[in-house]
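# Structural characterization, general
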Amino acid sequence: LQYQTAVVREDFELANDILTNIPREKYNDISRFLESQGHKEFALAVADDPDQKFELALQLAKLDVALEIMEKEIVPSAFEEDSEIQSRWKQLGDLALSKGDLRL
């Protein structure tokens, strides 16, 4: 609650101090909160979940970050179908094309 109050007040120095005392398993919740407050850059920095990080990277048009997440962190699991992975690659490719980044 102290962290959220600091963020709402836009006291990011205090928020960062408080963050060091918050268990790592709560970081994805914090990331979602930051995103809901419009602080997507901070949300991306805090997120642990590869899916959440990928979505934030796309929203922020951080192509290199999104590519790194796809290559290193998003691994197909028994619960994900190939079509989901292909869809993510397509999202990344479409964004790269719209930004004129043809190397992707």
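Here, the structure is the one placed above.
Let me sum up the structure you'll find in this document. (Residues numbered from 1 in each chain as written. Predicted model: local features only at pLDDT ≥ 70, side-chain atom pairs only at ≥ 80, totals over all residues. Heavy atoms only, no water.)

In this section: the overall build of the chain. Of the regular secondary structure elements, the chain holds seven helices and zero strands. N-terminal to C-terminal, the α/β element order of the chain is α-α-α-α-α-α-α. With respect to the principal axes defined by its C-alpha atoms, the chain has extents near 40 × 35 × 20 Å. Contacts in the chain between residues at least 24 apart in sequence constitute 36% of all its contacts with a sequence separation of at least 6. Accessible area for the chain stands at about 6800 Å²; split by element, carbon and sulfur atoms hold 49% of it. In the chain, 12 side chains carry a positive charge and 22 a negative one; their mean positions are 3 Å apart. (Helix = DSSP H or I, 4+ residues; strand = E, 2+ residues; numbered from the N terminus. Contact = heavy atoms within 4.5 Å. Areas by Shrake-Rupley, 256 points an atom, 1.4 Å probe, with all protein chains shown as cover. Lys, Arg positive; Asp, Glu negative; His and termini not counted. Charge placed at Lys NZ, Arg CZ, Asp CG, Glu CD.)

Ranked by size, the top nonpolar core spans 16 residues in total, and within it Tyr-3, Leu-19, Ile-22, Ile-30 and Leu-34 carry the most contacts. With residues near it in sequence (within four places) discarded, Leu-19 still touches Tyr-3, Tyr-27, Ile-30 and Val-46. One finds Ala-57, Leu-67, Leu-92 and Ala-96 within the second-largest nonpolar core, a separate group that totals 12 residues. (Core = buried A, V, L, I, M, F, W, Y, C linked by side-chain atoms within 4.5 Å. Buried < 20%, exposed > 50% of the residue type's maximum accessible area, 1.4 Å probe, protein only.)

As a further point, take unusual backbone geometry. One non-glycine residue, Glu-10, lies in the positive phi region at around 60 degrees. Within the secondary structure, Glu-10 is located in the loop between α1 (2–8) and α2 (12–19). With phi around 55 degrees, Ala-61 is a residue other than glycine that occupies positive phi space. Inspection of the secondary structure puts Ala-61 in the loop between α5 (50–59) and α6 (63–72). A relative accessible area of 31% means that Ala-61 is categorised as partly exposed.

Turning to the environment of Glu-25, a few remarks are in order. With respect to the helices, strands and loops of the structure, Glu-25 is situated in the loop between α2 and α3 (27–36). You can call Glu-25 exposed: its relative accessible area is 63%. For Glu-25 and Asp-48, which are 23 residues apart along the polypeptide, the C-alpha to C-alpha distance reads 8.4 Å.

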